[in-house]
Amino acid sequence: MNVTPRSAAPRRRSLAFLFTALLTLLSLPAPAQAWWNQDWAYRKQITIDAGSTGADIKADVSGQVVLVRLHDGVFNFAEAGADGADLRFVADDDQTPLVFHIEKYDSVFNIAFVWVQLPAVKAGASQAIWMYYGNAEAVPGSDAKATYDANQTLVYHFGERGTPVADSTGYGHLADNAVEVTDGGLVGNSARLDGQNLVRLPAKPSLAVPAGGTLTWSAWIKPAAAGVDAVLYSQSSGGNPGLVIGLAKGQLYMDVTDATGEMRQSPFSPPITDTNWHHVALVAGVQTTLFVDGQPGPAFALPLPALDGAPTLGGEIGADGSISGGFQGEIDELQLSKVTRDPTAIRLAAINQGTQDLLVQFGTDEGQGGHSGYFGVILAAVTFDAWVVIGVLAVMALVSWWVMYTKGLYTGSIHRANAVFNTQFQTLRQDLTTLESKRALSEDERKQIQKSSMFRMYEVGVREILHRFEIQGHASALSAESIEAIRASVDAESVRENQRLSKGMVLLTIAISGGPFVGLLGTVVGVMITFAAVAAAGEVNINAIAPGISAALLATAAGMFVAIPALFGYNYLLTRIKEIQANMAVFVDEFVTRMAEMYPASALDKP
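Note that the structure is predicted; figures quoted are calculated from it, not measured.

### Observations concerning the overall build of the protein
- In terms of regular secondary structure, the protein is built from 10 helices and 26 strands.
- Relative to its full complement of 607 residues, the protein shows a buried share of 48%.
- Long-range contacts, defined as pairs at least 24 residues apart, comprise 73% of the intrachain contacts of the protein with a sequence gap of at least 6.
- Counting only carbon and sulfur atoms, one obtains 60% of the accessible surface of the protein, whose full area is about 28,100 Å².

See below:
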């Protein structure tokens, strides 16, 4: 009797418990709040991290409009509407809808840019909002005009092609002209300027600034060359130069000219020494400050003159209509406000809209039943190309399993039938042909050995023997030549039996060697798409990359899932086949030997 040591049993129970606990933790759903609306099938938690691990904001900001970038790495476009009409954003209480608008939603390349208004961003704290999607009946919920407060007088996203640039605020300040745009902007499309084409804003009272008034101006710029001299923004005062914001050898500056013609210039900021995207801003009031990439320069007293002319972006128009200081490069996200925005809000915008967004972090996707677990997150991030690869691997898996199943049944039946036949064959002592003529077999035994490969070889040999007996008219002797000919016939049948045994085995070798490579191809393509989407979205935090990488690795896991069972099955079947082949080889030798012994050639000479 085998007795398990007492010390081993508790250890096994502990291992079993740990394994069960691990599986439970992997699939355990996190506590889910009440569902905002049952018509939406999915939701994703988005964390606004203003703490030390995120944007590290030191002061509260109210009414901030936050950019949410969506791409394959963080969002399952396949489950959402083709135009994003079913997108909704809800506060952490899962009851209060948040105002938002979609700047760009591309379901072909799976990228989207959405602006969401938050009631407040708390200093040093994190807050969660929910993004709902998956409702085919939903009407569009995007509302650009309501996204911005009444003090925001202009927002240009530069998403228009061939038409004048449109304002996303409630003021509706349509530009006087169209501008060339490029898809490779920082946030969606951007304006591409060549130094001669300007963006002419309308001369509207809502864009005018009284003398000594307040103004917040900001934009993203990407100079075509480093250290350039250019005018970024200008607005006249009573037909005379009033305000100019520009670059002097890459340094951001501000010029103001009052009604007397006196020009005063702000201190210069640190220079922009590369051709990357940079956030530039000006906050003018009692104290005026220039910002580059969210970092403020020194405050200075430089009140604004009365500004009532038509503003221009990308250069300055002189009294004679000539263009001076033309900017060459790209400009994105031009924003004007008639109040002084908090410096923290400027820094928050630079962090949130930049290429390394530390503010917005994405959580897991949930279905109506709650979190779908880690595998649900992975499946939600699987791209179409990965599904194609996984589909191919699924077909390979099904084929290999079918081969293993049918081949296992076939070799098993051959092995059992050969054993039965061999038992009967060993009883033959005088005449090898008695099994063929059924004299020594019952009906049940006959049916049983029909599946034997050795019996089929035996049948070929017996037919050859009887045929030669009939030709030579002698039923008890075979010549040496006849024996060799019969042996060749039996060997030929042995080859055919070996071919039957090996049929389909090549499909297992394909699954073993090809499955991992097909899966690896899917992973490589998935990683390429993930990084391309991240680069296009301008977001490089781990939460943006991890789901896409995990989904890409699923293809490799699927390839291994195909190959490993096929490898085990192939080795098992190969062992069984070799055993059957060895038995058949032994049978051929034994059959020929007995044949030569029972029907000796010397008997042909006897009368």
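Picking up where we left off.
### As for the confidence of the model for the protein
- Across the protein, pLDDT averages 85, with 87% of residues at or above 70.
- In this model, residues 1-32 is a region of pLDDT below 50 whose contacts with residues beyond four sequence positions or in other chains number 10 contacts.

### Thoughts on the nonpolar core
- One finds Phe421, Leu432, Tyr458, Ile465, Phe591 and Met595 to be the most contacted residues of the largest nonpolar core, which totals 47 residues.
- Those elements that provide at least two residues to this core are helix H5 (384-425), helix H7 (453-472), helix H8 (480-502), helix H9 (505-537) and helix H10 (542-598).
- Here this core gets 15 residues from one element, more than from any other, and that element is H10.
- Setting aside anything within four residues of it in sequence, one finds Phe591 in contact with Phe425, Leu432, Tyr458, Gly461, Val462, Ile465, Ile486 and Val490.

### A word on empty space enclosed by the protein
- Tallied over the entire structure, the rule returns two cavities of 30 Å³ or more.
- Its volume calculated, the largest cavity comes out at about 50 Å³.
- Classifying every residue of the lining of the largest cavity gives five nonpolar, two polar and no charged.

### Considering unusual backbone geometry
- In the Ramachandran plot, Asp56 falls in the positive-phi region, its phi being about 55° despite a non-glycine side chain.
- Topologically, Asp56 is positioned in the loop between strand E1 (42-49) and strand E2 (61-62).
- The exposure class of Asp56 is partly exposed, given its relative accessible area of 27%.
- Positive phi, close to 60°, is recorded for Phe158, a residue that is not glycine.

### Some remarks on the pairing of strand E11 (residues 190-194)
- Bridge count for strand E10 (residues 181-182) against E11 is two bridges, and the pairing is antiparallel. Among the inter-strand pairings, Val181 is bridged to a residue of E11, identified as Ala191.

### Remarks on the packing of H5 against H8
- Where H5 contacts H8, the axes come no closer than 10 Å and their chain directions differ by 145°. Residues Lys407, Tyr410 and Thr411 of H5 touch H8, and the partners they reach there are Glu497, Arg500, Leu501 and Ser502.

### Focus: the sheet that holds strand E17 (residues 263-265)
- Ordered in space as E12-E21-E14-E15-E16-E17, the six strands form an open sheet in which the pairing is antiparallel. Unpaired on one side and paired on the other, strand E12 (199-200) and E17 mark the two borders of the sheet.
- Sheet analysis places strand E14 (residues 230-237) next to strand E21 (residues 312-313), joined by two bridges and oriented antiparallel. Across the sheet, residue Ser234 finds its bridge partner in E21, namely Thr312.

### So, the layout of surface pockets
- In this structure, the largest pocket spans a volume of roughly 400 Å³.
- Every element with two or more residues in the lining of the largest pocket is listed here: E2, strand E6 (111-117), strand E13 (215-223), strand E24 (328-337) and helix H3 (343-353).
- Here the element with the most residues in the lining of the largest pocket is H3; it accounts for four residues.
- Tallied by class, residues from the lining of the largest pocket come to eight nonpolar, 12 polar and four charged.

### Some words on the sheet that holds strand E5 (residues 100-106)
- Pairing within the open sheet is antiparallel, and its three strands lie in the order E3-E6-E5. Of all strands in the sheet, those bounded by a partner on one side alone are strand E3 (65-71) and E5. Within the sheet, the average angular offset between the axes of one strand and its neighbour, ignoring direction, is 15°.
- Here six bridges tie E5 to E6, and the two strands are oriented antiparallel to one another. What sits directly across from Asp106, in E6, is Ile111.
- Sheet strands touched by H3: E3 and E6. Its angle to E3, the strand with the most contacts, is close to 5°.

### Digging into the packing of H5 against H7
- Running from N to C, H5 and H7 point in directions that differ by 55°, and their axes come no closer than 7 Å. When the axes of H5 and H7 are compared, the pair comes out oblique. Within the contact between the two elements, H5 uses Tyr410, Ile414, Asn418, Phe421, Asn422 and Phe425 and H7 uses Ser453, Met454, Phe455, Arg456 and Tyr458.
- Class assignment of the residues belonging to the contact of H5 with H7 gives a composition of seven nonpolar, three polar and one charged.

Definitions and limits used
Residues numbered from 1 in each chain as written. Predicted model: local features only at pLDDT ≥ 70, side-chain atom pairs only at ≥ 80, totals over all residues. Heavy atoms only, no water. Helix = DSSP H or I, 4+ residues; strand = E, 2+ residues; numbered from the N terminus. Buried < 20%, exposed > 50% of the residue type's maximum accessible area, 1.4 Å probe, protein only. Contact = heavy atoms within 4.5 Å. Areas by Shrake-Rupley, 256 points an atom, 1.4 Å probe, with all protein chains shown as cover. pLDDT = per-residue confidence, 0-100. Core = buried A, V, L, I, M, F, W, Y, C linked by side-chain atoms within 4.5 Å. 1 Å grid on protein atoms, 1.4 Å probe; cavity = no way out; pocket = protein on both sides within 12 Å on 5 of 7 lines; lining within 4 Å. Points joined across faces, edges and corners; volume = space filled by probe spheres on them. Nonpolar A, V, L, I, M, F, W, Y, C, P; charged D, E, K, R; others polar. Pairing = 2+ DSSP bridges. Axes fitted to C-alpha atoms, helices over the stretch in contact; angles between N-to-C directions. Parallel < 35°, antiparallel > 145°, perpendicular 65-115°, else oblique.

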